[in-house]
Amino acid sequence: MKGKFITVEGSDGSGKTTFINSATEYLIKKGYKVITTREPGGTVFSEKVRELLFDSSNEIDAKTESLLFCVSRRDHIIKKIIPYVEEGYIVICDRFVDSSIAYQSYGRGLNKQDIIDINKYTTDGLEPDLTLYFNVDVEIGLSRTKGRDENNRMDNESLKFYKDVKRGYDELSNDYKKRIKVIDANQDYEKVEKDAFKILEGFLNNEF
Ligand code: TYD
């Protein structure tokens, strides 16, 4: 039986990474075959592209950046996402195409239709079965990540940039209500996790 492709989206400080780890552990315990992966990255080749993208000594223009995300995504889909889904795994992916629309279009200001088009070419139309969007206010998210030492080229943007990105996610979740489920990530993490688990279980039990 075919597996499921689930993506998790949201800004820094939304709790999405913590949730991915606990959801993976929980689903494995319940007997599901699960793999967790991330974008950019997930394959040896794509992790190399990730290094290029995040290296603060590289100055790259917005279109180059958007194309590199696609390069990384294509390899990841072909070598990992599709083969695992075909084998019956639940593939949980930290970020996917919605990130490109939110960051490269709403954030960087590239034409939205162009980003949609290059991603259609990249994915051959592959879409997640479910997307969990951890919706956190920009200021709250940033205050939670203050003091984390991992800093890369994507982490030093203006408040306006992050607000634009959030607007992108908000619009996407409004446009794709069936696929994208929104979790209020401003709440305490326990409540965030509880809400996210409820949606995940409902999805796996075919409730929607
Ligand atoms: P990462 O360090 O993986 O952490 P987090 O997901 O917790 O933020 O950061 C990935 C960065 O890459 C993040 O700033 C969003 C950005 N990104 C894009 O701009 N476009 C994309 O298509 C993807 C997948 C990520």
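Residues numbered from 1 in each chain as written. Predicted model: local features only at pLDDT ≥ 70, side-chain atom pairs only at ≥ 80, totals over all residues. Heavy atoms only, no water.

Under the annotation held in an unreviewed UniProt entry, the chain carries the name Thymidylate kinase and is attributed to Gemella morbillorum. Comment text from UniProt for the chain, heading Sequence similarities (unreviewed entry), reads "Belongs to the thymidylate kinase family." (UniProt positions renumbered as here; feature names shortened; annotations may be inferred.)

Another aspect to go through is the overall build of the chain. The number of helices and strands found in the chain is eight helices and five strands. When its helices and strands are written in sequence order, the chain yields β-α-β-α-α-β-α-α-β-α-α-β-α. Its C-alpha atoms give the chain a radius of gyration of 16 Å, near enough to 17 Å, the size a compact globule of 208 residues would have. Along the first, second and third principal axes, the C-alpha set of the chain runs to 45 × 35 × 35 Å. At a minimum sequence separation of 6, the contacts of the chain that also span at least 24 residues come to 80%. Summed over its atoms, the accessible surface of the chain is roughly 10,900 Å², and 51% of this surface lies on carbon and sulfur atoms. Positive and negative charge centroids in the chain, built from 33 and 37 side chains respectively, lie 3 Å apart. (Helix = DSSP H or I, 4+ residues; strand = E, 2+ residues; numbered from the N terminus. Rg over C-alpha atoms; globule rule 2.2 N^0.38 Å. Contact = heavy atoms within 4.5 Å. Areas by Shrake-Rupley, 256 points an atom, 1.4 Å probe, with all protein chains shown as cover. Lys, Arg positive; Asp, Glu negative; His and termini not counted. Charge placed at Lys NZ, Arg CZ, Asp CG, Glu CD.)

If you look at the biggest cluster of nonpolar residues, it comprises 31 residues, and the most contacted ones within it are F5, I81, V91 and Y103. Elements represented by at least two residues in this core include exactly α2 (44–54), α3 (62–86), β3 (90–94), α4 (97–107) and α7 (159–175). The element contributing the most residues to this core is α3, with six residues. Ranked by size, the runner-up nonpolar core spans 22 residues in total, among them I90, L132, I183 and L204. (Core = buried A, V, L, I, M, F, W, Y, C linked by side-chain atoms within 4.5 Å. Buried < 20%, exposed > 50% of the residue type's maximum accessible area, 1.4 Å probe, protein only.)

Another point: the layout of surface pockets. Estimates place the volume of the second largest pocket at around 310 Å³. At four residues, the largest contribution of residues to the lining of the second largest pocket is made by helix α5 (residues 112–123). For the lining of the second largest pocket, the per-class residue count stands at eight nonpolar, three polar and four charged. (1 Å grid on protein atoms, 1.4 Å probe; cavity = no way out; pocket = protein on both sides within 12 Å on 5 of 7 lines; lining within 4 Å. Points joined across faces, edges and corners; volume = space filled by probe spheres on them. Nonpolar A, V, L, I, M, F, W, Y, C, P; charged D, E, K, R; others polar.)

Turning our attention to the sheet that holds strand β5 (residues 180–184). Ordered in space as β2-β3-β1-β4-β5, the five strands form an open sheet in which the pairing is parallel. Two strands close off the open sheet at either side, each with one partner strand: β2 (34–38) and β5. Adjacent strand axes in the sheet meet at a mean angle of 20 degrees, parallel and antiparallel pairs treated alike. Of the strand pairs in this sheet, strand β1 (residues 4–10) and strand β4 (residues 130–135) are connected by five bridges, and their pairing is parallel. For V8, the partnering residue across the bridge sits in β4 and is L132. (Pairing = 2+ DSSP bridges. Axes fitted to C-alpha atoms, helices over the stretch in contact; angles between N-to-C directions.)

This part covers the UniProt feature "binding site: ATP" (unreviewed entry) in the chain. Residues given the UniProt feature "binding site: ATP" (unreviewed entry) here are G10, S11, D12, G13, S14, G15, K16 and T17. Along the chain, K16 turns up in helix α1 (residues 16–29). The exposure class assigned to K16 is buried, which follows from its relative accessible area of 7%. Residue placement: T17 occurs in helix α1. Taking relative accessible area as the criterion, T17 reaches 42% and is therefore assigned partly exposed.

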